[in-house]
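Spelled out, the chains give:
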Amino acid sequence: MNPHSDCSLDKFLLSGLEEIDSRGLMRRLSALDGPQQTRVIQNGRELLNFSSNDYLGLATHPALKTAAMAEWERSGFGSGASRLICGTLAAHEELDNAIAEFKQTPAALSFSSGYAAAMGTIPAICGTGDVIILDKLSHACLVDASRLSGALLRVFPHNDLCKLESHLKWAAAKHPAAKILVIAESVYSMDGDRAPLREMVELKERYGAWFFLDEAHAVGVIGRQGRGLADEEGIADHIEIQMGTLGKALGSHGAYIAGGSALRRFLINRARSFIFSTSPPAPVAAASRKAIEIAASPEGDSLRAKLWENIQRLQPLLSIKAAASAILPVLIGNESAAVETSARLLELGFLVPAIRFPTVAKGSARLRVTLTASHARSDIESLARALHGSTATKQDSPPHLARSTGEPSLPTAG
Ligand SMILES: *Cc1c(COP(=O)(O)O)cnc(C)c1O
């Protein structure tokens, strides 16, 4: 019997899909015909891309290609094994060292992805009997990793320092022997706002906790040479575990944990996603290192200046007062309305994804507009016109363009 016609699994899958569809939550993949850039081809049509995390436009930078190809000649493609077996090539060590130098930490360890970095690191640090306190809008990988750790979890409303403090107070009093780990992002991936890092550092130090900070959307974009928000706020030395990704503003793939040298050595021994997984291809590591070099160079400074100029150009057109990052969410609310607006924009030639449950809370569906250094002024102005037209057809009142606020439930997936 053909196992694919086995009806019990298919019955389960199809009824699950039907339920997803009936709630307006069906997701589908759609491939681009060509590279990740401002103008992309999808299903034979050219679209203006406002959905990429390639904030500096490095994904198609010729220097990354050259670095990857040279590394290919030196080391081949596949790495052949995990880092601890024989899959640590020169390119991996060079990347780890470059990250540490860039982040100005004693050491760093690269991972295959941000998801893997979180899943390997958080359960290596905390376990049963420990306490993890995280922001309600934390990325799914931070939530999943915290759950996997077996630690007691406490969630504070987004950026709510009072509630963070009350969780810290509770943990210090009720679990005096526990390790306490505060987890937050510097820039929130679906809201684009920033965490109050100075105040958070002050609190975690007052209560003897450690801080795990995910800088996925800040690295390359914020801080001196693009080192992130902790650098901009001058408190990087106070953050024990700094995570960042290489696949967003850095235009490559992978992620890192930066911190002390004992942290690096400990993760090499305890981070299961690092230990039990084939190391990334050496050309990818070489491209990442080149991207860091560019981000930290005068060229990086001018790309960041261009990106921030673009952000400042779009924000008044969306009635946003002070955008904190390259992510500018347009809150719609209803899931189907968000999907319809995104579909209308697609018809007009704009790629702007609708983000909905379970990535964000139910009823807080939104368009997630992201900008890059490669967008032209005319691109931004035409998006703003299309957006106003598309959301206005839905309602009589002016389009509801607002920053989203705190949301009621823990996200369950990315
Ligand atoms: C994208 C993202 C990750 C995951 O990184 P990948 O390298 O894509 O796996 C982790 N945290 C945040 C906040 C992110 O936005």
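Residues numbered from 1 in each chain as written. Predicted model: local features only at pLDDT ≥ 70, side-chain atom pairs only at ≥ 80, totals over all residues. Heavy atoms only, no water.

A word on the sheet that holds strand β10 (residues 327-333). The strand order across the open sheet built from 3 strands is β10-β13-β12, with neighbouring strands paired in antiparallel fashion. The outermost strands of the open sheet, each flanked by one partner alone, are β10 and β12 (354-355). The pairing of β10 with strand β13 (residues 365-370) spans 6 bridges and is classified as antiparallel. Following the sheet pairing, proline 329 is matched in β13 by arginine 368. Each of β10, β12 and β13 touches helix α14 (residues 335-347); the most contacted strand, β13, lies at about 35° to it. (Pairing = 2+ DSSP bridges. Helix = DSSP H or I, 4+ residues; strand = E, 2+ residues; numbered from the N terminus. Contact = heavy atoms within 4.5 Å. Axes fitted to C-alpha atoms, helices over the stretch in contact; angles between N-to-C directions.)

Below, the discussion takes up the packing of aromatic side chains. This structure, assessed with the given rule, holds 3 aromatic pairs. On the numbers, 5.3 Å between centres and 45° between planes, the contact of tryptophan 72 with phenylalanine 77 is tilted. Accessibility expressed as a relative area gives 43% for phenylalanine 77, which makes it partly exposed. The ring of tryptophan 170 carries the charged tip of arginine 154 above its face, separated from the ring centre by 4.1 Å. In this structure, lysine 362 is placed above the aromatic ring of phenylalanine 357, and the distance from its NZ or CZ to the ring centre is 4.5 Å. (Phe/Tyr/Trp six-rings, centres within 6.5 Å; stacked < 30°, edge-to-face > 60°. Buried < 20%, exposed > 50% of the residue type's maximum accessible area, 1.4 Å probe, protein only. Lys NZ or Arg CZ within 6 Å of the ring centre and 35° of its normal.)

For serine 325, the location among the structural elements is in the loop between α13 (298-317) and β10. Residue classification places serine 325 among the buried positions, given a relative accessible area of 0%. Here glycine 192 takes part through its backbone oxygen, which lies 2.8 Å from a polar atom of the side chain of serine 325. Setting aside anything within four residues of it in sequence, one finds serine 325 in contact with Val187, Gly192, Trp308 and Ile311. (Polar contact = N/O pair within 3.5 Å; in protein donor to acceptor, adjacent residues only side chain to side chain.)

Moving on: the domain arrangement of the protein. In terms of domains, the protein is made up of domain 1 (28-59 + 298-391) and domain 2 (62-295). When each unit is reduced to the centre of its C-alpha atoms, the spacing between domain 1 and domain 2 is 26 Å. Taken together, the contacts link 21 residues of domain 1 with 23 residues of domain 2. Buried surface at the junction of domain 1 and domain 2, summed over both partners, amounts to about 1700 Å²; 59% is from carbon and sulfur atoms. The three residues of domain 1 that bury the most area against domain 2 are Leu58, Arg304 and Ala324, which together make up 31% of that side's buried surface. Taken together, the links from domain 1 to domain 2 amount to 1 salt bridge. With a closest N to O distance of 3.0 Å, aspartate 191 and arginine 366 form a salt bridge. (Domains from an automatic or database assignment. Buried area = accessible area lost by both parts, 1.4 Å probe. Salt bridge = Lys/Arg side-chain N within 4 Å of Asp/Glu carboxyl O.)

Nonpolar side chains collect at one region of the surface, where Leu9, Phe12 and Leu13 lie side by side and expose about 310 Å² of accessible area between them. On the secondary structure map, leucine 9 appears in helix α1 (residues 7-22). In this structure leucine 9 comes out as partly exposed when scored by relative accessible area, which is 49%. (Patch = residues over 30% accessible without salt bridge, like charges linked within 9 Å, V, L, I, M, F, W, Y side chains within 5 Å. Areas by Shrake-Rupley, 256 points an atom, 1.4 Å probe, with all protein chains shown as cover.)

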